[in-house]
Amino acid sequence: MRRDELAERLRRAYRVEMDPDTAARQLSVVSARLGTSQASRPGGGRFRRRVAALATALAVTLPGGLALAAEGTVPGDVLYPVKLATERVRSIFDAAVTAEHRLEEVETMLERGVPLDRVVGHLDVARDAVADMAEREELQDRLERLAKRIRDRMIADRPFGDDEEGPVNGRRDRQVDDREDVAPGDTPPADDVTRPHDRRSDRLGDGEMDRPGDG
Amino acid sequence: MSEYPELDEQVDGVRRRSEAAFATVYRLTADDLLSYAYGMLHDRTAAEDAVQQAFLELARAAPTIRGDGRTLRAWLFRSVRYNCLDELRRRRRRPETPTDPLPDEPVDDDVADVDLRRALDRLTERQRTMVLLRHVGGLSGEEIARVVGSNRVAVYAALARAERRLRHLLEAT
């Protein structure tokens, strides 16, 4: 077999294209990540750092009232930087506090009816935090339950054309069928929305490029 | 300017986490990344996940990205490679329970060329990566060197060995 024949055979077997639906879904998840990432807000970095520094000082010097008030906040709330600041202090004593907070925030966002693209983005942040606590299986379980809730909500929110389904019952049947199509067997339901971020302790950095995953 | 002028134009936007820049980079690279991941994993869905994860990692690491479009492209391939390795490692740890597909259901592992798949599986991961990056992802020797952390001369030598072995394996089937 010649080299060009081998190349052609490889291309024929493995050359594929991203289908438009998958591309749209992936880009929406990436956009959500860009939107929820704190560093993504243009021009806000210095202000946020100042707020965080102030909050850290307050958290250390003031009684716990402020910290308590910030406890149930989610990204976008005024007191959220306070929560992050106290979290940094608390995480010295309890490494799981960050992961627990991120999971609680996803739950709160779901309960508040925050748009799902933002929730999905924050779920990914939570995944990262949980991945750092791999030994705490209950956190992983909680994460997976949340992922399933989000997936169910996404399926429930999916619009249907009036000409496709008439009665409400028909729509319900369709939704159940879709769910079965998308998440067969034991596949974690939200894994096609986002996937767990794994530790990459064996990854080596080199040369001029930064190591992927080290952001 | 690198040989990817369209990507070169997006690097600044990526550093600033511009959604438009990310969308353009995705449009320009997703098919190549997906094809490479598919060759590594033989599973379309898992390959799509590997690509998505790479872009999420890029979203996180964007401000630290240096270089031009070629560097960015290599960064993404490198990230996809790591994601594929993670997935392969996960499979080894937890082998999936085989299930019988329904008669009309397309099999997810739909690589029609079974001999090729088997031959590829007998290469080392590094050899497989080089062969796929070259012939499926369309990367140059220089780019492959950036992805696998080597130099161009070593890549060409290793690639030649890998291709020779692959041809030998295919001819033996």
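(A) Highlighting the overall build of chain A. Each helix and strand in chain A was counted, giving nine helices and zero strands. The linear arrangement of helices and strands in chain A, starting from the amino end, is α-α-α-α-α-α-α-α-α. Expressed as a percentage of the 215 residues in chain A, the buried residues total 40%. Pairs at least 24 residues apart make up 60% of the contacts formed inside chain A by residues separated by at least 6 positions.

(B) Fine view of the packing of helix 7 (residues 116–131) of chain A against helix 8 (residues 137–157) of chain A. All names here are of chain A. The contact between helix 7 and helix 8 brings their axes to 11 Å, and the two run at 165 degrees. The orientation of helix 7 relative to helix 8 falls into the category roughly antiparallel. Regarding helix 7 and helix 8, the two cross each other, and that crossing is left-handed. Within the contact between the two elements, helix 7 uses L116, V119, V120, L123, A126, R127 and V130 and helix 8 uses L139, Q140, L143, L146, A147, I150, R153, M154 and D157. The residue inventory of the contact of helix 7 with helix 8, partitioned by class, reads 12 nonpolar, one polar and three charged.

(C) Molecular detail of the pattern of salt bridges. For the structure shown, the criterion picks out 25 salt bridges over all chains. A salt bridge links B:D113 to A:R9, with the shortest nitrogen-to-oxygen separation between them at 2.6 Å. In this pair, B:D113 sits in the loop between helix 5 (69–93) and helix 6 (114–121) while A:R9 sits in helix 1 (residues 3–14), so the two residues belong to two different chains. Given a relative accessible area of 17%, B:D113 falls into the buried group.

(D) Focus on unusual backbone geometry. Residue and element names in this part refer to chain B. In this structure, R17 is a non-glycine residue whose phi angle is positive, near 60 degrees. Relative to the assigned elements, R17 resides in the loop between helix 2 (11–15) and helix 3 (19–41). The class of R17 is buried, set by a relative accessible area of 8%.

(E) Layout of the environment of A:A131. Residue and element names in this part refer to chain A. On the secondary structure map, A131 appears in helix 7. Looking at A131, the relative accessible area reads 14%, which means it is buried. Along the primary structure A131 and A99 are separated by 32 residues, whereas in three dimensions their C-alpha atoms are 8.5 Å apart.

(F) Representation of the nonpolar core. Counting 88 residues, the largest nonpolar core has A:L10, A:Y14, B:F22, B:F55, B:L58, B:L120 and B:L166 as the members making the most contacts within it. A total of 12 residues in this core trace back to one element, the largest contributor, which is helix 3 of chain B.

(G) View of helix 9 (residues 152–172) of chain B. All names here are of chain B. Counted at 1.5 Å a residue, the expected span for helix 9 with its 21 residues is 30 Å, and the 30 Å between its end C-alpha atoms agrees. Every buried residue of helix 9 is accounted for by V155, A158, L159, A162, E163, L166, R167, L169 and L170. The backbone nitrogen of V153 has a side-chain oxygen 3.1 Å away, supplied by the residue at the start of helix 9, namely N151.

(H) Molecular detail of a nonpolar patch on the surface. Taken together, A:V89, A:I92 and A:F93 make up a surface patch of nonpolar side chains, about 360 Å² in accessible area. The exposure class assigned to A:V89 is partly exposed, which follows from its relative accessible area of 32%.

Parameters at a glance
- Residues numbered from 1 in each chain as written.
- Chains lettered and ligands numbered in written order.
- Predicted model: local features only at pLDDT ≥ 70, side-chain atom pairs only at ≥ 80, totals over all residues.
- Heavy atoms only, no water.
- Helix = DSSP H or I, 4+ residues; strand = E, 2+ residues; numbered from the N terminus.
- Buried < 20%, exposed > 50% of the residue type's maximum accessible area, 1.4 Å probe, protein only.
- Contact = heavy atoms within 4.5 Å.
- Axes fitted to C-alpha atoms, helices over the stretch in contact; angles between N-to-C directions.
- Parallel < 35°, antiparallel > 145°, perpendicular 65-115°, else oblique.
- Left-handed = near helix turned anticlockwise from the far one by under 90°.
- Nonpolar A, V, L, I, M, F, W, Y, C, P; charged D, E, K, R; others polar.
- Salt bridge = Lys/Arg side-chain N within 4 Å of Asp/Glu carboxyl O.
- Core = buried A, V, L, I, M, F, W, Y, C linked by side-chain atoms within 4.5 Å.
- Expected span 1.5 Å × (residues − 1).
- Polar contact = N/O pair within 3.5 Å; in protein donor to acceptor, adjacent residues only side chain to side chain.
- Patch = residues over 30% accessible without salt bridge, like charges linked within 9 Å, V, L, I, M, F, W, Y side chains within 5 Å.
- Areas by Shrake-Rupley, 256 points an atom, 1.4 Å probe, with all protein chains shown as cover.

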